[in-house]
Amino acid sequence: MKRDVLIGLGVGILAFLLVMGYNIFPIVLLGLGGYFLWTFGISRQVIKNGQGVAITSTMVNFEDIGGQTIAKKELQEALDFLRYSERMKALGIRPLKGILLSGPTGTGKTLLAKAAAKYTDSSFLAVSGSEFVEMYAGVGAERVRSLFRRAREIVKKEKKSSAIIFIDEMDILGAKRGSNVSHHEYDQTLNQLLIEMDGLKTDQGPHILVMAATNRPEALDPAILRPGRFDRQVKVDLPDKEGRIAILKIHTKNKPLAHDVDLEAIAHETFGFSGAHLESVTNEAAIFALRDQATEITGRHLHEAVEKVMLGEKLDRKPTAEELRRIAIHESGHAMLAETVRPNSVSQVSIRSRGNALGYVRHYPKDDLYLYTQAMLEEQIMVALAGALAEEEVLGTRSTGAAGDYEQALDLVEKMLSAGMSSLGVTDVSLLSAEQRQPVTKDILAQLEKRTMFIVQQNKNILLRISDLLQEEESLNGDTLRRYLQNAA
Ligand code: ATP
């Protein structure tokens, strides 16, 4: 802040001098030179002091990481090269220099690297790829050299025989060469990393293993993945249901749970959540329990926490009575249609504002599915369209509340196009022009709108009754909704 004020003041004075007719060129030159030397000095100081490098005492065990069974197994196998290096040497096996962990954010890549250090009794240094990026030539490369130097120093100081250097956000440091704007500096930094890795030897000095993590392995320079560098790649995916149960168990170990808590049910409804999301769910649930002055975390606290992590905090936004009726009709449309095309699928329907949504329907995922049939995609599109169509049928008009639903419907139509489920047949969607794509999309949506409207009209009375109930109760869970639908039928 102070720096911004000083820069502003300097520019102001220079402008004034310029207007007064002074030659400000030498002052600008001097200023720029001074600024460069100053920041370069700081950068070098940072490298010398090893700032930006986190040296963590690694208390994470593989047992503290839920799910990821295959990733852990592959990793442990690779790490045995380090643990039993004498045996490897006897067989003439080339030492392992790099392991690349790739997968979505929050899935436990950092945890795996820490556990790897514990498993191999290595010193652990963590840096982020972004810390190497500098606008000044040579600084990034010097940071890489300094990092490896520092690893050797720490191993000596901690009296260990190996170190693990963990580089997070590897795609920033290791992007394909020539792909960055200030590419020369990026390329020099990456070259330096490759040189350091090529120079790693195990017969002299400590063994250094580089572990890197990325969410975008496709963005990496192929040179990085060449054998002899990061030649082990471990995929760290989003956890499946069993994985989610294991992660929830780990993060509730230190929390008092009430008898009604069913972690399997929580795992069932959290399809697509990462380990970091699940950790956040357990923490938020504990905070809800604290707010209620409860001594135990109940199932309700956990369900509430799932909604918060999925959709955002409840808001005190108060729509008008007319808006509230429209929201209730809209959400009832989604819920009624979902229960019609896929019975027992609604987990919650609410007209309480949360995050960006004025109301919402949450669905139980159909177990962990990795494949969708055309019928499933069409059903999802119909559920998305049903909110606006319910508004149209009951109130005569649609509203802007459906914008998000249409976005979702269009994404699903896109999936259908790329899976060859449209009149275009199997095609490379990226080669289609807007003129080719638009009529097909419109056609699919028009047909599905027709089917959806038919169901909405057939069930208009039920829809109106759900909407009245919602306006009274504000929120209904799936079981209450289904009981009500059964009685109404
Ligand atoms: P990013 O790509 O954003 O750096 P990451 O994959 O490195 O994320 P971590 O930093 O390892 O993710 O995980 C963040 C937090 O999420 C952990 O501290 C932990 O609390 C929780 N977590 C993530 N995955 C798991 C897991 N498999 N088991 C237990 N906890 C997990």
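This text follows the structure it describes.
Residues numbered from 1 in each chain as written. Predicted model: local features only at pLDDT ≥ 70, side-chain atom pairs only at ≥ 80, totals over all residues. Heavy atoms only, no water.

**Focus: the overall build of the protein**
Here comes step 1: The helix and strand tally for the protein stands at 18 helices and nine strands.
Here comes step 2: Counting all 489 residues of the protein, 43% fall into the buried class.
Here comes step 3: Within the protein, residue pairs in contact and separated by at least 24 positions form 76% of the contacts whose partners lie at least 6 positions apart.
Here comes step 4: Of the accessible surface of the protein, which amounts to about 26300 Å², a share of 55% is contributed by carbon and sulfur atoms. (Helix = DSSP H or I, 4+ residues; strand = E, 2+ residues; numbered from the N terminus. Buried < 20%, exposed > 50% of the residue type's maximum accessible area, 1.4 Å probe, protein only. Contact = heavy atoms within 4.5 Å. Areas by Shrake-Rupley, 256 points an atom, 1.4 Å probe, with all protein chains shown as cover.)

**Description of the site of the ligand**
Here comes step 1: Taken together, 17 residues surround the ligand, and among them Gly66, Thr105, Lys109, Thr110 and His251 come closest.
Here comes step 2: Backbone polar atom of glycine 106 to an oxygen atom of the ligand: 2.9 Å apart, as the coordinates give it.
Here comes step 3: Here the residues of the shell around the ligand sort into four nonpolar, nine polar and four charged.
Here comes step 4: The two domains that each donate at least three residues to the shell around the ligand are domain 2 (55-235) and domain 3 (241-311). (Near = heavy atom within 4 Å. Polar contact = N/O pair within 3.5 Å; in protein donor to acceptor, adjacent residues only side chain to side chain. Nonpolar A, V, L, I, M, F, W, Y, C, P; charged D, E, K, R; others polar. Domains from an automatic or database assignment.)

**Focus on the environment of leucine 238**
Here comes step 1: Its location among the elements puts leucine 238 in the loop between strand E6 (232-235) and helix H9 (241-252).
Here comes step 2: When the C-alpha atoms of leucine 238 and glycine 272 are compared, they prove to be 6.7 Å apart, with 34 residues separating the residues in sequence.
Here comes step 3: When near neighbours in sequence (up to four residues on either side) are disregarded, leucine 238 contacts Pro104, Thr107, Gly272, Phe273 and Ser274.

**Observations concerning the pairing of strand E5 (residues 207-214)**
Here comes step 1: Judged by how many residues are buried, E5 sits mostly within the fold: eight of eight residues are covered.
Here comes step 2: Where burial is concerned, the two faces of E5 agree: the one with His207, Leu209, Met211 and Ala213 and the one with Ile208, Val210, Ala212 and Thr214 are both buried.
Here comes step 3: Relative to E5, strand E2 (residues 98-102) runs parallel, the two sharing five bridges. In the strand pairing of E5, isoleucine 99 is matched with methionine 211.
Here comes step 4: Here strand E4 (residues 162-168) runs beside E5; their pairing, made up of six bridges, is parallel. Its bridge partner lying in E5, alanine 163 is registered against isoleucine 208. (Pairing = 2+ DSSP bridges.)

**Focus: the pattern of salt bridges**
Here comes step 1: This structure, assessed with the given rule, holds 22 salt bridges.
Here comes step 2: In this structure, arginine 482 engages aspartate 479 in a salt bridge whose closest nitrogen and oxygen atoms are separated by 3.1 Å. Taken together, the positions of arginine 482 and aspartate 479, both in helix H18 (residues 478-488) and three residues apart, correspond to about one turn of that helix.
Here comes step 3: Residue class for aspartate 479 comes out partly exposed when judged on its relative accessible area of 46%. (Salt bridge = Lys/Arg side-chain N within 4 Å of Asp/Glu carboxyl O.)

**A word on the pairing of strand E3 (residues 123-128)**
Here comes step 1: Among the six residues that make up E3, six are buried, leaving the element largely enclosed by the rest of the structure.
Here comes step 2: Taking every second residue as pointing to the same face, both faces of E3 are buried, with Ser123, Leu125 and Val127 on one and Phe124, Ala126 and Ser128 on the other.
Here comes step 3: In terms of strand pairing, E3 meets E4 through six bridges, oriented parallel. From the neighbouring strand, alanine 126 faces E4, where its bridge partner is phenylalanine 166.

**A short note on the nonpolar core**
Here comes step 1: With 43 residues, the main nonpolar core has Leu337, Ile381, Ile444, Ile466, Leu476 and Leu481 as its most contacted residues.
Here comes step 2: When contributions to this core are tallied by element, the ones reaching two or more residues are helix H13 (321-341), strand E7 (346-350), helix H14 (374-395), helix H15 (403-418), helix H16 (434-458), helix H17 (460-473) and H18.
Here comes step 3: Residues in contact with isoleucine 381, not counting those within four places in the same chain, are Ala409, Leu412, Val413, Met416, Leu445 and Leu448.
Here comes step 4: Core analysis: the second largest hydrophobic core is formed by 27 residues, Val127, Leu147, Leu193 and Ile208 among them. (Core = buried A, V, L, I, M, F, W, Y, C linked by side-chain atoms within 4.5 Å.)

**Some thoughts on the packing of aromatic side chains**
Here comes step 1: By the definition in use, this model includes two aromatic pairs.
Here comes step 2: On the numbers, 5.5 Å between centres and 75° between planes, the contact of phenylalanine 62 with tyrosine 119 is edge-to-face. With a gap of 57 residues between them, phenylalanine 62 in the loop between strand E1 (54-55) and helix H3 (69-83) and tyrosine 119 in helix H5 (residues 109-119) connect regions that are remote in the sequence.
Here comes step 3: On the numbers, 6.3 Å between centres and 20° between planes, the contact of phenylalanine 124 with phenylalanine 166 is stacked. Placement of the pair is phenylalanine 124 in strand E3 and phenylalanine 166 in strand E4, with a sequence separation of 42 residues.
Here comes step 4: Note on phenylalanine 166: relative accessible area 2%, which makes it buried.
Here comes step 5: The side chain of arginine 83 reaches across the aromatic face of tyrosine 119, ending 4.0 Å from its centre.
Here comes step 6: Here the basic side chain of arginine 87 rests over the ring of tyrosine 84, its NZ or CZ set 4.7 Å away from the ring centre. (Phe/Tyr/Trp six-rings, centres within 6.5 Å; stacked < 30°, edge-to-face > 60°. Lys NZ or Arg CZ within 6 Å of the ring centre and 35° of its normal.)

**Points about the packing of H14 against H15**
Here comes step 1: Where H14 contacts H15, the two axes come as close as 9 Å, and the packing angle between them is 160°. Our classification of the angle between H14 and H15 gives roughly antiparallel. Judged by the twist between their axes, the crossing of H14 over H15 is left-handed. In this structure, H14 uses Gln374, Leu377, Glu378, Gln380, Ile381, Ala384, Leu385 and Ala388 to contact H15, whose residues at the interface are Asp405, Tyr406, Gln408, Ala409, Leu412, Val413, Lys415 and Met416. (Axes fitted to C-alpha atoms, helices over the stretch in contact; angles between N-to-C directions. Parallel < 35°, antiparallel > 145°, perpendicular 65-115°, else oblique. Left-handed = near helix turned anticlockwise from the far one by under 90°.)

**Concerning unusual backbone geometry**
Here comes step 1: The backbone phi angle of glutamine 68 is positive, close to 50°, even though this residue is not glycine.
Here comes step 2: In this fold, glutamine 68 is placed in the loop between E1 and H3.
Here comes step 3: Note on glutamine 68: relative accessible area 11%, which makes it buried.
Here comes step 4: The phi angle at lysine 159 is positive, at roughly 55°, despite the residue not being glycine.
Here comes step 5: The topology assignment puts lysine 159 in the loop between helix H6 (139-157) and E4.
Here comes step 6: For lysine 159, a relative accessible area of 76% translates into the label exposed.

**Regarding helix H11 (residues 275-291)**
Here comes step 1: Between its first and last C-alpha, H11 extends 24 Å over 17 residues, near the 24 Å set by a 1.5 Å rise per residue.
Here comes step 2: When we look at burial in H11, the residues that qualify are Gly275, Leu278, Val281, Thr282, Glu284, Ala285, Phe288 and Ala289.
Here comes step 3: In the core, the buried residues of H11 are packed alongside H9 and helix H12 (299-311).
Here comes step 4: Positioned one or two residues after H11, glutamine 293 has a phi angle of 55°, which is positive. (Expected span 1.5 Å × (residues − 1).)

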